[in-house]
Amino acid sequence: MSIEKVHAHIDSKVEEDIELLKKLVRYPSIASEGHSDDIRACAKEIMTYLEGLGFKTELFETPTQPYIYAERKCNKANAKTILFYGHYDVQPAEPLAPWKTPPFEPTIINGRMFGRGTADNKGQFLAHILAVRSFLDVEGDLPVNVKFIIDGEEENGSPSMRQMVEEHKDKLNADIVYFSDGPVQASGAPEIKHGFRGMLSFQINIKTAEHENHSGRAGGLIPNAVIMMSNLIASMVDSDNNILIDGVYDDVVPANDYEKQLISQIPYDASKLAKVYGVKEFKLTREQFYEQFNFKPTCTCDGMSGGYTGNGSKASVPNYANAKFDMRLVADMDPDDIERKVKAHIAKHCPMAEYVPGHSTPPSKTDPSLPICKAICASAKKIFPNAVPIPSSAGTCGEYVWTKIAGIPSITVPYGNADQTNHAANENLVLDFYSKGIHCSAQVLYDLSKL
């Protein structure tokens, strides 16, 4: 197979590929209640295109929104299989006032296509499909077996994804899951991610009395809910952000030598980071920053309320306080285990407090030293020379369904520009990134066939 001819074919299809993206963006496939007709219409459009490429397609129905499944085998014996994941649902466009162009009428301005879903995620998963198209047009075959699973409810947190993967594990089996979503760095460098942190969210409520009390008559005599909450938080995490809950670090896996080598190659500028975070200074070294970013859990108090916070003063003892938390979890932490440890800590330090569960997502991790991961990183660098492999993302998503349930390594290579403003008004995709994404997916397919 000639990868040079495939790249040339992609370059010859630029205008056609832009029109196809426009067609998909025009579908208001919002993943929320009341939009199922638009979701299904968009799904049908995608499935029709894949069927035209010779793929067998199926709509995996779920209690919520459907998933598109498609597969086509190549003629090569014992070929690798890649599973491309993406999502065709989008965020609501409201509020409409800040939009410079109609959100579902794609408009090109200065090399960018504006419209809801351009970058998140229609342009990015379409890049994989168009790479496949070019191989079939040029060679009449694929270099590896290709499968697609395209999510119809990612923007709602993919509530049925775990069930879907468990039900269709055999069909979804592959050597690697490849996902393109999110923006590149501000420098233009894609971060090639080998995992995502998990999350545990919860709320703590403290009620000390049936009503507030006069601070002169009750101060120092009855518990103060706000002070109790403050003391409880201080018992959970110290001023250096170390978590003080017993057993939290028991299953944390430190960086290995290869991951430390990756970290040493990631661009790092403490002064720029200080501006990004809006703080006066950033004292962490590169190693300290990425150790926390990738390999240490966090315990964040997202907000606390209680007592009087209005103008002036009010001399009273607060009778209630509540605080919201999220904990980011790293491999190999188990959200259920961490929840038990948090509850035990609260019971020990503040028996009066009530634990209110939120939601949880397990962490996901793929070994970046796997030959297939190294090959994909090398492929991406051929198209994006400044691409940066990183051990893991600091964010959270449902990638664990691949690594933990399906047992497949997973890698993420974003194709969206840094200023895509996804989830906000004027979402856009720089068309050069769209084109390079198609080239990148084609290069990945070709190079995987050489393993």
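Residues numbered from 1 in each chain as written. Predicted model: local features only at pLDDT ≥ 70, side-chain atom pairs only at ≥ 80, totals over all residues. Heavy atoms only, no water.

Here's the deal with the layout of surface pockets
Here the largest pocket defines a volume of roughly 1400 Å³. For the largest pocket, the lining is made up of 44 residues, of which Pro-183, Glu-191, Lys-193, Phe-293 and Ser-393 are closest to its centre. For the lining of the largest pocket, the elements supplying multiple residues, two or more each, are β7 (176-179), β8 (191-193), α10 (270-277), α11 (286-295) and β18 (410-412). Among the elements that line the lining of the largest pocket, the one with the most residues is α10, at four residues. The class makeup of the residues in the lining of the largest pocket is 21 nonpolar, 14 polar and nine charged. For the second largest pocket, the calculated volume is near 720 Å³. In this structure, the second largest pocket is lined by 20 residues; those nearest its centre are Asp-240, Asn-241, Phe-282, Leu-284 and Gln-292. (1 Å grid on protein atoms, 1.4 Å probe; cavity = no way out; pocket = protein on both sides within 12 Å on 5 of 7 lines; lining within 4 Å. Points joined across faces, edges and corners; volume = space filled by probe spheres on them. Helix = DSSP H or I, 4+ residues; strand = E, 2+ residues; numbered from the N terminus. Nonpolar A, V, L, I, M, F, W, Y, C, P; charged D, E, K, R; others polar.)

Overview of the sheet that holds strand β15 (residues 354-361)
Spatially, the four strands line up as an open sheet ordered β12-β14-β10-β15, and their pairing is antiparallel. In the strand order of this sheet, the two ends are held by β12 (298-305) and β15, each with one partner. The average undirected angle you get between the axes of adjacent strands in this sheet is 15 degrees. The strands that helix α12 (residues 335-349) touches are β10 (198-207), β14 (320-329) and β15; relative to β15, the one it contacts most, it runs at about 165 degrees. (Pairing = 2+ DSSP bridges. Axes fitted to C-alpha atoms, helices over the stretch in contact; angles between N-to-C directions. Contact = heavy atoms within 4.5 Å.)

A look at the pattern of salt bridges
If you walk through the whole model with that rule in mind, you get 21 salt bridges. One salt bridge connects Lys-436 with Asp-432, and the closest N-O pair in it is separated by 3.5 Å. Linking Lys-436 with Asp-432, this pair stays in helix α15 (residues 431-448), spanning four residues, or about one helical turn. Residue Lys-436 is classed as partly exposed on the basis of its relative accessible area of 32%. Counted as one network, the salt bridges with shared partners bring together Lys-13, Glu-16, Asp-17 and Arg-133. (Salt bridge = Lys/Arg side-chain N within 4 Å of Asp/Glu carboxyl O. Buried < 20%, exposed > 50% of the residue type's maximum accessible area, 1.4 Å probe, protein only.)

Details of helix α8 (residues 225-236)
Given a rise of 1.5 Å per residue, twelve residues ought to cover 16 Å, and the 17 Å separating the end C-alpha atoms of α8 matches this to within 8%. Where α8 is concerned, the buried positions are Ala-225, Met-229, Leu-232, Ile-233, Ser-235 and Met-236. Burial along α8 is one-sided: seen end-on, the buried residues are contained in an arc of 160 degrees. Here the buried face of α8 lies against β10, β12, β14 and α12. (Expected span 1.5 Å × (residues − 1). Arc of directions from axis to C-beta.)

Overview of empty space enclosed by the protein
Evaluation of the coordinates by the stated rule reveals two cavities of 30 Å³ or more. Taken as a whole, the largest cavity encloses approximately 80 Å³ of empty space. Surrounding the largest cavity, Phe-196, Arg-197, Val-253, Asn-294, Phe-295, Val-330, Ala-331, Pro-363, Ser-364, Lys-365 and Ser-392 form its lining. Within the residue set of the lining of the largest cavity, elements represented by two or more residues are α11 and β16 (364-365).

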